[in-house]
Amino acid sequence: MDAIDTLLHPRSIAVIGASADATKTAGRPIAYLQKHGYAGTIYPVNPRAGQVAGLACYPDIESLPGVPDVGLVLVAPDRAIEAVGALSRRGTPAAIVLASGFSETGETGARRQQALKEAAGGMRLLGPNTIGLVNLTDRIMLCASGALEMESLQGGGIAVVSQSGGILGSLLSRAAAAGLGFSKLVSTGNEVDLEAADFVEHLADDPATRVIALYMEGLRNPEKFRHAALKAARAGKPVVVYKVGRSESGARSAASHTGALAGEDRVYDALFRQVGAIRAQSFADLIDIPAALATGRRLRGKRIAILTSTGGAGTLVADSLGVAGFETPPPGPRTAARLRDLQKNDQIVLDRNPIDVTLAGLQPDLLRSTIATLLDSPDYDAVITVVGSSALAQPTLAAGAIAASLDQSDKPVLAYVSPYAPTVLANVNRAGAPAFTAPESFAPVLSAMLVRGASADAAAAPADAGTAGSPAGTTPGGASGAPADLPSGSLNEAQARALFARYGIPSVSERTVADAAQGRREAQAFDRPVVLKVLSSRITHKTEAGGVAVGVAPQAVGEAIEAMAARVRERTGIEPEGYLLQEMASGVEMIVGVHRDPQLGPTLLLGLGGVTAELFQDTALSLLPVDRATVRDMLRSLKSWPLLDGYRGRPKADVRALEDAVLNFAAMAGQLGDRLVEAEINPLFVQEEGRGVRAADGVAILK
């Protein structure tokens, strides 16, 4: 067995620092192991106790009669280091360190954590600063969470990996109360050794796990996470991530809690999209979405039937779905006729949506038949049943009707429990239909199911024969690595666009001049107005510095240069390095850039460009490398995509040339590697179809 398999399925466990008082943190793990039916051997270790929970207690690790599969270390930080060293010397494969006081506390704690890692040697470690792990599939509780006090913990198909120990207990208790079951729950804590990605990769092979829920504060090894998430996707197991640190204060809290760095939040979004992970936008979603996905049901469209016995509740659900872009159409003629055939009361209205059976009362046969009819209808892709207050008198009625319908279709069946009725909620969840207590829960859940269905269809489709991250144009000699003759530091615009040209990205025609006198002479080569720009490696936003003039007549260039020089000096205090005379280009203005995120690596930005790029922020992100299909998806995700696609009769833009330029730009970033700190073209003019693209500005910073 590998170390994670040993942690999840230990035949013997040494509990270091075990207390005979089950009310203390150090007394809980043995109590929970015994309470929930662990059948293996437990070795309590405590020099001040003869027995713990009816088990012989040993004074130290060296006295143990056998080598434990797992050491559960409950002592304080300094003693934990000693215990880990002793376990390692005995040959224990893996240990869990619950103690805090390590890297999450600062520099002193970080040194202590390094000492812990060194003491472990070849033994694998979970933690420190973890609450432990729970294997509900096999009833093995290596955990001190008070949530394990509950008498009945249900097994299920959802695995949880959390970088926070308290979150693990919160999810476990909430899910148990709602009638939901988990397979495994793991708190990774400070991740001195084993990381969240290690467990995601392992759970991809776990037959008891259908969905992996991940509470994330940061990533130390993005490539390991990428590999693990893609493995889970290939195994057909969705990964649902709730990533904290979206705000500046949230990022600070996450970093101080685990020592994990939080990257720019949009870059995480890009990473999750690329690996097929679904991002939960709220903490409640981290339970709700996995619960729905664990059913394995496929949502193939946005048409939702709402069956209600309380009109107001049905309207709440319909309104929430409508805001999110889902449809609640009335039944078509054939479905409406079948619903009317079920009526026994002429006043019942069964041919609109929400479909209200209020006047019929809670009749089991009518409820079952109506659900079955809606599932069979070609008019709907999913059914939501509203369980009203009347269900308090018959808590199993809705659950029974829903359960009876599940075998008839693979369409999603969900339930909204309108009153506060925990028993009804749990009954419906146990019946196999995800049940929720807020009408707003359905939109994110159904959106996730729609994404999951599309991902499954894409995985089954033939691979796209796009250009997989390779340049569409010519690169210098095709050699890997940065060319040897590149300058360093911040390049001026002319240098930057010369660099881009080496990677097959065409620029507008231009002349570089040193001063007004040379500008007057060179302007004679232009037969139409030009764009005049200041040339400086120190000025990034030339427009704000007064360093751009558009539509300058050739005969007025000298005077314009003199005015620009004075304006730039006044606004910035910087002496211009020279000036550019450029042809005036036309087309859709786009921006393409590469930014090196300190944690997740190089990230491609693509969007609507020009001087309003930051104002409108119509951009898409993707981590490198990218292929043509990814670039196409990025373009089509933009609100401004219609401008490229012939909006209101405009000529279509040369999208193929734009894709080529973006792929060349990405290939440049890949070839330059760590030398490239940042690069940008704004604007990149996309001309009419067949006329290509032209870079009209450029920024590049090289180490």
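Since the structure is predicted, the reported quantities are computational estimates derived from the model, not experimental observations. (Residues numbered from 1 in each chain as written. Predicted model: local features only at pLDDT ≥ 70, side-chain atom pairs only at ≥ 80, totals over all residues. Heavy atoms only, no water.)

Caption draft 1: Inspection of the overall build of the protein at higher detail. Along the protein, the regular secondary structure elements total 23 helices and 30 strands. Expressed as lengths along the three principal axes of its C-alpha atoms, the size of the protein is roughly 95 × 80 × 45 Å. When the 703 residues of the protein are sorted by exposure, 54% land in the buried category. Summed over its atoms, the accessible surface of the protein is roughly 29000 Å², and 49% of this surface lies on carbon and sulfur atoms. Placing the 67 positive and 73 negative side-chain charges of the protein at their respective mean positions leaves the two points 2 Å apart. (Helix = DSSP H or I, 4+ residues; strand = E, 2+ residues; numbered from the N terminus. Buried < 20%, exposed > 50% of the residue type's maximum accessible area, 1.4 Å probe, protein only. Areas by Shrake-Rupley, 256 points an atom, 1.4 Å probe, with all protein chains shown as cover. Lys, Arg positive; Asp, Glu negative; His and termini not counted. Charge placed at Lys NZ, Arg CZ, Asp CG, Glu CD.)

Caption draft 2: Here's a closer look at the nonpolar core. The biggest cluster of nonpolar side chains holds 84 residues, and the ones touching the most others in it are Phe 182, Leu 321, Phe 442 and Leu 446. Once you skip the residues sitting within four places of it in the chain, Leu 321 turns out to touch Ile 304, Ile 306, Phe 326, Thr 328, Ile 384, Phe 442, Ala 443 and Leu 446. Judged by nonpolar contacts, the second largest core, of 54 residues, contains Ala 18, Leu 126, Leu 133 and Ala 204. (Core = buried A, V, L, I, M, F, W, Y, C linked by side-chain atoms within 4.5 Å. Contact = heavy atoms within 4.5 Å.)

Caption draft 3: Geometry of the sheet that holds strand β10 (residues 155–162). One open sheet holds the 7 strands; their spatial order is β9-β8-β11-β10-β12-β13-β14, and the pairing between them is mixed. In the strand order of this sheet, the two ends are held by β9 (140–143) and β14 (278–279), each with one partner. Of the strand pairs in this sheet, strand β13 (residues 239–243) and β14 are connected by 2 bridges, and their pairing is parallel. Each bridged residue has a counterpart across the sheet, and for Val 241 the counterpart in β14 is Arg 279. (Pairing = 2+ DSSP bridges.)

Caption draft 4: Structural context of the packing of aromatic side chains. The final tally for this structure, using the stated rule, is 8 aromatic pairs. Taken together, the ring pairs in this structure connect Tyr 215, Tyr 242 and Phe 283 into an aromatic cluster. In this structure, Lys 243 is placed above the aromatic ring of Tyr 268, and the distance from its NZ or CZ to the ring centre is 4.5 Å. The ring centre of Phe 326 lies 6.0 Å from the NZ or CZ of Lys 302, which sits over that ring. (Phe/Tyr/Trp six-rings, centres within 6.5 Å; stacked < 30°, edge-to-face > 60°. Lys NZ or Arg CZ within 6 Å of the ring centre and 35° of its normal.)

Caption draft 5: Quick look at the sheet that holds strand β18 (residues 413–417). Taking strand neighbours across the sheet as the criterion, the 5 strands line up as β16-β15-β17-β18-β19 in an open arrangement whose pairing is parallel. Lying at the two open borders of the sheet, with one neighbouring strand each, are β16 (355–356) and β19 (435–436). Note that β18 and β19 share 2 bridges and pair parallel. Within β19, the residue paired with Tyr 416 across the bridge is Phe 436. Taken strand by strand, helix α11 (residues 311–323) contacts β15 (304–308), β16, β17 (382–387) and β18, and its axis lies near 165° from that of β15. (Axes fitted to C-alpha atoms, helices over the stretch in contact; angles between N-to-C directions.)

Caption draft 6: Representation of the confidence of the model for the protein in the model. The predicted model of the protein averages 90 in pLDDT, with 92% of residues at 70 or higher. Contacts of residues 461–480 to residues separated by more than four positions or lying in other chains number 33 contacts, the stretch itself having pLDDT below 50. (pLDDT = per-residue confidence, 0-100.)

Caption draft 7: Spotlight on the layout of surface pockets. Of the volumes computed, that of the second largest pocket is approximately 1400 Å³. If you go around the second largest pocket, you meet 50 residues; those closest to its centre are Ile 591, Gly 610, Ala 613, Glu 680 and Asn 682. Residue composition of the lining of the second largest pocket, by class: 22 nonpolar, 16 polar and 12 charged. (1 Å grid on protein atoms, 1.4 Å probe; cavity = no way out; pocket = protein on both sides within 12 Å on 5 of 7 lines; lining within 4 Å. Points joined across faces, edges and corners; volume = space filled by probe spheres on them. Nonpolar A, V, L, I, M, F, W, Y, C, P; charged D, E, K, R; others polar.)

Caption draft 8: View of the domain arrangement of the protein. Per the domain assignment, the segments of the protein are domain 1 (1–131), domain 2 (150–295), domain 3 (298–459), domain 4 (509–583) and domain 5 (588–702). If you average the C-alpha positions of domain 2 and of domain 4, the two centres end up 54 Å apart. (Domains from an automatic or database assignment.)

Caption draft 9: Broad picture of the UniProt feature "domain: CoA-binding" (unreviewed entry) in the protein. When the UniProt feature table is mapped onto this chain numbering, "domain: CoA-binding" (unreviewed entry) sits at residues 7–102. Here residues 7–102 runs as 25% helix and 23% strand, with 22 Å between its end C-alpha atoms. (UniProt positions renumbered as here; feature names shortened; annotations may be inferred.)

Caption draft 10: The arrangement of unusual backbone geometry in detail. Backbone torsion omega between Gly 127 and Pro 128 reads -5°, so that peptide bond is classified as cis. Examined against the element boundaries, Pro 128 turns out to sit in the loop between β7 (124–126) and β8 (132–135). The omega angle of the peptide bond from Leu 624 to Pro 625 is 0°, so this bond is cis rather than trans. The residue Pro 625 is located in the loop between β27 (619–623) and α21 (628–636) in this model. Not every positive phi belongs to a glycine, and Glu 191 is a case in point at roughly 55°.

Caption draft 11: Local environment of the side chain of Ser 145. Tracing the backbone through its elements, the reader meets Ser 145 in the loop between β9 and β10. Discounting residues that sit within four places of it in the chain, Ser 145 has contacts with Arg 28, Tyr 32, Ile 131 and Gly 169.

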